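Residue-level structural notes
Given next are the chains, with one letter for each unit.
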Amino acid sequence: MLNVKRIYILINYIETMSPNSWYYNQFSDVVECLYCLLNEDFRKYTYQYCYHKYRFADIVITSITKEVYV
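These remarks concern the structure in this document. (Residues numbered from 1 in each chain as written. Predicted model: local features only at pLDDT ≥ 70, side-chain atom pairs only at ≥ 80, totals over all residues. Heavy atoms only, no water.)

**As for the overall build of the chain**
Per the secondary structure count, the chain includes 3 helices and 0 strands. From first element to last, N terminus to C terminus, the chain shows the α and β order α-α-α. What you see for the chain is a C-alpha radius of gyration of 12 Å, in line with the 11 Å of a compact globule of 70 residues. By principal-axis analysis of the C-alpha atoms, the chain measures approximately 30 × 25 × 15 Å. Scored against the burial criterion, the 70 residues of the chain give a buried share of 33%. Once local pairs closer than 6 in sequence are excluded, the contacts in the chain between residues at least 24 apart make up 57%. On the chain, roughly 4900 Å² of surface is accessible, and the fraction owed to carbon and sulfur atoms is 54%. Of the charged side chains in the chain, 7 are positive and 7 negative; the average position of the first set lies 5 Å away from that of the second. (Helix = DSSP H or I, 4+ residues; strand = E, 2+ residues; numbered from the N terminus. Rg over C-alpha atoms; globule rule 2.2 N^0.38 Å. Buried < 20%, exposed > 50% of the residue type's maximum accessible area, 1.4 Å probe, protein only. Contact = heavy atoms within 4.5 Å. Areas by Shrake-Rupley, 256 points an atom, 1.4 Å probe, with all protein chains shown as cover. Lys, Arg positive; Asp, Glu negative; His and termini not counted. Charge placed at Lys NZ, Arg CZ, Asp CG, Glu CD.)

Spatial relationships are all this shows, so hold off on functional conclusions.
Here it is in structure tokens:
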């Protein structure tokens, strides 16, 4: 299940990440996929791919920040 509030938090976190960060390259198309999930527009990426990227970003950013969002 998608958490819209969490998607916006992930987008904001990824967009504020500096290019010097090691994780910066890991999130190359994640923001685009998150916007696809929000808009339910799957012309460029499939739902499964976008959901995978959403879960990847959620797990990595949660482990980086040590914050759990419910």
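Resuming the write-up.
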